[in-house]
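Take a look at the letters that make up each chain.
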Amino acid sequence: MDSIYESATESLNNEVLDKAKNQALGYIAARMRTRHEVAAYLYKKNYADDMVQEVLAFLERYQYLDDAAYCRAWIHDKLQFHPCGRKKLAAELSKKVADRQLVQVSIESYYSAEQELEYAQTAAMQKLNSRTGAKQITRQQLARFLYSRGYGSNIIESVLSSIDFSASLEEF
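Here the structure is a predicted model, which means the values were calculated and not measured.

1. Remarks on the overall build of the protein chain
Phase 1: What the protein chain contains, in helices and strands, is 9 helices and 0 strands.
Phase 2: When the elements of the protein chain are put in sequence order from the N terminus, they spell out α-α-α-α-α-α-α-α-α.
Phase 3: For the protein chain, the proportion of its 172 residues judged to be buried stands at 34%.
Phase 4: Pairs at least 24 residues apart make up 60% of the contacts formed inside the protein chain by residues separated by at least 6 positions.
Phase 5: Surface summary for the protein chain: the accessible area is close to 11,000 Å², and the carbon and sulfur share equals 49%.

This is the structure we're talking about:
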């Protein structure tokens, strides 16, 4: 009697595991996802912890989940379409990837300080050129703008020191 019960339980567990795998595969088919996102999705679907861990191991084994590759692709896309500073980049990526060390290493590897300075200078120039006449931007306003974009104080100071606020904005 016990073996029949165990067999039925194992069969049911296999069916539930297959269903969880299929749901996870459907979830990651739409776009690249992180381990954290897939786990949250499966927990939301009320799967048990051991079942979620087994599905995550399956997805990683077949390389459907790779948080390092996700970080690399996400940083590339973010910088291409919505450039920002390292601080903002780290904060946004940390919402998606649970491993904070991976986030920091990825940002250091794929976003150099020189790139960050270039993006900050470009953002500052666009902001300055968007204001004309009596509505010229002040040094403090530009600093706040760059800070809101996630640039650190060293980058902001470097950008601000390269601008002569008393001269014509076209010379920047």
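2. Things to note about helix H4 (residues 67-81)
Phase 1: If you check H4, its first and last C-alpha atoms are 21 Å apart, about what 15 residues at 1.5 Å a residue would give, namely 21 Å.
Phase 2: For H4, the set of buried residues is Asp67, Ala69, Tyr70, Cys71, Trp74, Ile75, Lys78 and Leu79.
Phase 3: For H4, the capping residue at the N-terminal end is aspartate 66, with a side-chain oxygen 3.2 Å from the backbone nitrogen of alanine 68.

3. Re the confidence of the model for the protein chain
Phase 1: Taken over all residues, the pLDDT of the protein chain has a mean of 89, while the share at 70 or more is 87%.
Phase 2: Counted against residues more than four places away or in other chains, residues 168-172, with its pLDDT under 50, gives 10 contacts.

4. Focus: helix H6 (residues 100-110)
Phase 1: Along H6, the residues that are buried comprise Leu102, Val103, Ser106 and Ile107. Down the axis of H6, the sector holding all buried residues measures 130°, keeping them to one side. Exposed residues on H6 whose side chains face more than 90 degrees from its buried face are Gln101 and Glu108.
Phase 2: At the N-terminal end of H6, a side-chain oxygen is found 3.2 Å from the backbone nitrogen of glutamine 101, two or three residues along, and the residue is aspartate 99.

Cut-offs and rules
Residues numbered from 1 in each chain as written. Predicted model: local features only at pLDDT ≥ 70, side-chain atom pairs only at ≥ 80, totals over all residues. Heavy atoms only, no water. Helix = DSSP H or I, 4+ residues; strand = E, 2+ residues; numbered from the N terminus. Buried < 20%, exposed > 50% of the residue type's maximum accessible area, 1.4 Å probe, protein only. Contact = heavy atoms within 4.5 Å. Areas by Shrake-Rupley, 256 points an atom, 1.4 Å probe, with all protein chains shown as cover. Expected span 1.5 Å × (residues − 1). Polar contact = N/O pair within 3.5 Å; in protein donor to acceptor, adjacent residues only side chain to side chain. pLDDT = per-residue confidence, 0-100. Arc of directions from axis to C-beta.

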